[in-house]
Amino acid sequence: MPKPTQNTAKPRACYFCLNNVKHIDYKDITTLKKFVSSYAKIVPRKRSGVCSKHQRKLATAIKRARILALMPFTNK
């Protein structure tokens, strides 16, 4: 009987590529909150499943929203 491998999870498709999102808007807080952890940290690509191109745009959008006080820098 073969041993099961550790890496059996299927690769996730990018959320923004699937939904055909051209521009990640910093004012769309509901979408941005999906990619922020409970400690208000930006979730890494490996966990969120976002492609590298959209991960960079996502990070800048989250940072802009934080600067404009639309999102918190920390949880409490």
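What comes next concerns the included structure. (Residues numbered from 1 in each chain as written. Predicted model: local features only at pLDDT ≥ 70, side-chain atom pairs only at ≥ 80, totals over all residues. Heavy atoms only, no water.)

**Concerning the side chain of S48**
For clarity, the threshold we go by: Helix and strand assignments follow DSSP, with helices taken as H or I runs no shorter than four residues and strands as E runs no shorter than two, numbered in order from the N terminus. Polar contacts, as counted here, are pairs of nitrogen or oxygen atoms within 3.5 Å of one another; within protein the pair requires one atom able to donate a hydrogen and one able to accept it, and residues that are adjacent in sequence qualify only if both atoms are side-chain atoms. Any two residues having at least one pair of non-hydrogen atoms within 4.5 Å are treated as being in contact.
Take S48: it is sitting in helix α3 (residues 45–48). Within the structure, the side chain of S48 is placed 3.5 Å from the backbone nitrogen of V50, a separation counted as a polar contact. Beyond its immediate chain neighbours, meaning those up to four positions away, S48 contacts R12, F35, V43 and Q55.

**Some details on the side chain of T31**
Position of T31 relative to the elements: it lies in helix α2 (residues 29–33). Each residue touching T31, except ones within four places of it in the same chain, is listed here: Y15 and F16.

**Quick look at unusual backbone geometry**
Note the cut-off: Exposure classes here rest on a 1.4 Å probe applied to the protein chains alone. A residue is buried below 20% of its type maximum, exposed above 50%, and partly exposed in between.
Positive phi, normally seen in glycine, also occurs at N20, with a value near 55°. Turning to its location among the elements, N20 is positioned in the loop between α1 (15–18) and α2. Unlike most non-glycine residues, A40 shows phi in positive territory, near 65°. On the secondary structure map, A40 appears in the loop between α2 and α3. By relative accessible area, A40 is classed as buried at 9%.

Note that every value here comes from positions in space, so none of it alone points to a role or purpose.
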